[in-house]
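The lines below spell out each chain.
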Amino acid sequence: MPPAGIWVDGLVQSCIYITMAFGMVLVFSILGILNWTHGQFYMLGGFVVYYAVTAAGIPFPLSLLVSGVVVGGLGMLVEKVVIERLTSPGYGILSVTAATNALIFFFEGAAGMGFGLMNKGMATVLPGVLDMGSFSISYQKIAVIIFTLVVMVAMYIVLNRTKVGKAIRATSQEPDAASLYGVNVKWVRVIVMGIGCALAAMAGGVIGIVQSVNPFMGRVPMIMSLLAVVIGGLGSLTGAIVGGIMLGLLNSVIAYSISYYSEVALFMLVIILLLIRPQGLFGAAPK
Amino acid sequence: MIIGRHYINEKTLVPKVVIGTLIMIVAIFPVFTTNIVTLSTIILSGIWAVAVMGFLLILRTGQFSLGQAAFMAIGGYVSAILTVRMGVPYWPSFLAAGIISGVIAFIIGIVVLRAGGIYFSIITIAFGEMVRIVAMNWESVTQGASGILTRAPDPIMMGNFEINFAAGAVPYYYFMLLLVTISALFYWQIDRTRIGGTFRSVAANPVLAEHLGINLMKYRLIAFTAAGVFTGLAGAYYVTFLSVMNPLIFDLWKSVQIMMMTIVGGMGSIVGGPIIGATLLYTLGIYLSRLPIPNIQYLVFGGVVVLLLLVLPKGTGLVDQWGKLWRWVFGEPEDFQMPEEAGMDEE
């Protein structure tokens, strides 16, 4: 049995994957595409929080919101300029896949030019540890977990209790019918892209205090949250939570006992799951 | 137009001359320059073109694989391990790289080609990552992250004339041409015959194709395996030219790059599109990496690809613009009427 610290680390990882996966699921269910640039919005969010905290001196929770707004706006811009055009009828799914993949290089290059390649740490935010007797958890990790819980609750409220949420759910079910009932589907797409990117950005900001921020930090979490979304079922938020927890714990707890084979086991598990249940654990059966 | 036998057909004369001249220039290119940087750029983009053709062949059956770089890695490792660590002569191990990569593609294909669409792509990503992790950690065979220094190909004796690969980049250049030509002919032959049509029907409407008695798995497997063989050969030759093989050469982002080359180059022609896309994007990447500002190459590269995708008309790549460019330069052909239904294929 691995020590409790490993479990906590796994949980922190899972939290990040879940928050990113939420954004991916939202974007997929409305725009019908996988946003491959998600990890780079996560990275940009990390940098925004870093500069907001260290250079501008904004308090950490507020700077998380700032990063959400800034990067969410950037995501909206990307939707408006690139994705809307490339998902219009006549384009194949590959055009938008290639474009969002190209944006990975674009944003990483931009971040590398603007912020440098060095790791930037924010260890001074929320110092201290919570002593739990046999083990201790740093406040930073607790912040990540609380942040994820807040995101989950907020998502639940937004999607179920607000008008925007109703519009989003209606659009994900039947875009044509929703637009007949007065939902501006184009705006829903832009807003959802904004929410998705803001979630990724805030995840990047909150993990920035545990780990550190660099231009290439988005690649692995992007792949992991993508896998989480897919094994959970494309379009299912519950699936995203389960998938994120599975992958996060696999990455740390199983790695504790069988070292690098855990990664092989992880990808093996993904392949086997997809072959047995292509629609994912919580996804609807394909039409 | 005069009815009769034309030994010189004026309609096809100019295109033939242009294409012939291009082929001539490519064939005697080392006469103009033996600059190692220029030659190596061309050699490596040619090798990428082979991999991109494989991606496009799989795409013809409606699947898009984001694990093509893994087959290059397998090919590279097979040839490196066989030559350096087991002392097998170069050329047999080069062929073995293609065969083993093809066999692995066949086995993987049997298992994973059942999944369609985005799930297939995700599975191939997972496969590619697994190959990278195993290569990174299986130190007794692959020497891990430090990699294997590969050996130059054995000299080929042709009568009294010896082709010595240690002499410089020119023999590599000609062997690259041979590799590209063989794989291009192979893919082109597949694509234009009945089997290529079957691939398209599998992609266009799998349910209908199955009801017409087409075994979907069989054709997907053929495409995947054929692509695996040539991609493996390309990978083996790539690492031979680089003279080192390590797990970082062929990671996920190289698979992504292969996909971008395919889309930018265009999917209208299985030979022309990949060659244009690979040459253009690879050369762009190389020239950008010489810029003095660090990281600007990624920014410009990504920006150029996105702009190209936005500027090009719906779902087409550069090669599909060929006809338009032609009419723009030489004007509309006078005695040519486009038939009503022509050019309406689903591709």
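For the structure, see preceding data.
Caption draft 1: Region of the structure containing the overall build of chain B. Tallying secondary structure elements over chain B gives 15 helices and four strands in all. By the compact-globule yardstick of 20 Å for 347 residues, chain B fits well, its C-alpha radius of gyration being 21 Å. Taken over 347 residues, chain B has a buried fraction of 44%. Once local pairs closer than 6 in sequence are excluded, the contacts in chain B between residues at least 24 apart make up 77%.

Caption draft 2: Geometry of helix H1 (residues 4-31) of chain A. All names here are of chain A. End to end, H1 covers 40 Å across 28 residues, agreeing with the expected 40 Å (1.5 Å per residue, within 8%). The element H1 is largely enclosed, with a buried count of 22 among its 28 residues. Trailing H1 by a residue or two, Gly32 shows a phi angle of about 75°, which is positive.

Caption draft 3: Spatial organisation of unusual backbone geometry. At Ser243 of chain B, a residue that is not glycine, the phi angle is positive and equals roughly 65°. Inspection of the secondary structure assignment puts Ser243 of chain B in the loop between helix H11 (216-242) and strand S4 (244-245).

Caption draft 4: Seen up close, the interface of chain A and chain B. Listed per partner, the contact involves 35 residues of chain A and 36 residues of chain B. Every element with two or more residues in the side of chain A that touches chain B is listed here: helix H3 (60-86), helix H4 (93-115), helix H9 (219-232) and helix H11 (261-276) of chain A. It is H4 of chain A that contributes the most residues to the side of chain A that touches chain B, 16 residues altogether. Classifying every residue of the side of chain A that touches chain B by side-chain character gives 25 nonpolar, seven polar and three charged.

Caption draft 5: View of the environment of Lys141 of chain A. Residues and elements named next belong to chain A. Tracing the backbone through its elements, the reader meets Lys141 in helix H5 (residues 139-161). Under the C-beta neighbour-count criterion, Lys141 is labelled buried, with 20 such atoms within 10 Å. Spatially, the C-alpha atom of Lys141 lies 20 Å from that of Ile254, the residues being 113 residues apart in sequence. If we skip the residues at most four places from it in the chain, Lys141 touches Val8, Val12 and Val210.

Caption draft 6: Main features of helix H8 (residues 185-208) of chain A. Helix length check: H8 of chain A (24 residues) gives 34 Å between terminal C-alpha atoms against 34 Å at 1.5 Å per residue, within 8%. Most of H8 of chain A sits inside the fold, with 21 of its 24 residues counted as buried.

Caption draft 7: Structural context of the environment of Ala105 of chain B. All names here are of chain B. As for its placement among the helices and strands, Ala105 is situated in helix H5 (residues 90-112). The spatial distance from the C-alpha of Ala105 to the C-alpha of Thr225 is 5.2 Å, given a sequence separation of 120 residues. Once you skip the residues sitting within four places of it in the chain, Ala105 turns out to touch Phe71, Phe224, Thr225, Ala227 and Gly228.

Caption draft 8: Spatial organisation of the packing of helix H3 (residues 36-60) of chain B against H11 of chain B. Residue and element names in this part refer to chain B. Running from N to C, H3 and H11 point in directions that differ by 165°, and their axes come no closer than 9 Å. Comparing their axes, H11 and H3 come out roughly antiparallel. When the axes of H3 and H11 are compared, the crossing they make is left-handed. Only Ala223, Phe224, Ala226, Ala227, Phe230, Thr231, Ala234, Tyr237, Tyr238 and Phe241 of H11 make contact with H3, whose side of the interface consists of Ile43, Leu44, Ile47, Val50, Ala51, Gly54, Phe55, Leu57, Ile58 and Arg60.

How each quantity is defined
Residues numbered from 1 in each chain as written. Chains lettered and ligands numbered in written order. Predicted model: local features only at pLDDT ≥ 70, side-chain atom pairs only at ≥ 80, totals over all residues. Helix = DSSP H or I, 4+ residues; strand = E, 2+ residues; numbered from the N terminus. Rg over C-alpha atoms; globule rule 2.2 N^0.38 Å. Buried ≥ 20, exposed ≤ 12 C-beta atoms within 10 Å, placed from the backbone. Contact = placed C-beta atoms within 7 Å. Expected span 1.5 Å × (residues − 1). Nonpolar A, V, L, I, M, F, W, Y, C, P; charged D, E, K, R; others polar. Axes fitted to C-alpha atoms, helices over the stretch in contact; angles between N-to-C directions. Parallel < 35°, antiparallel > 145°, perpendicular 65-115°, else oblique. Left-handed = near helix turned anticlockwise from the far one by under 90°.

Distances and angles like these do not, on their own, reveal function.
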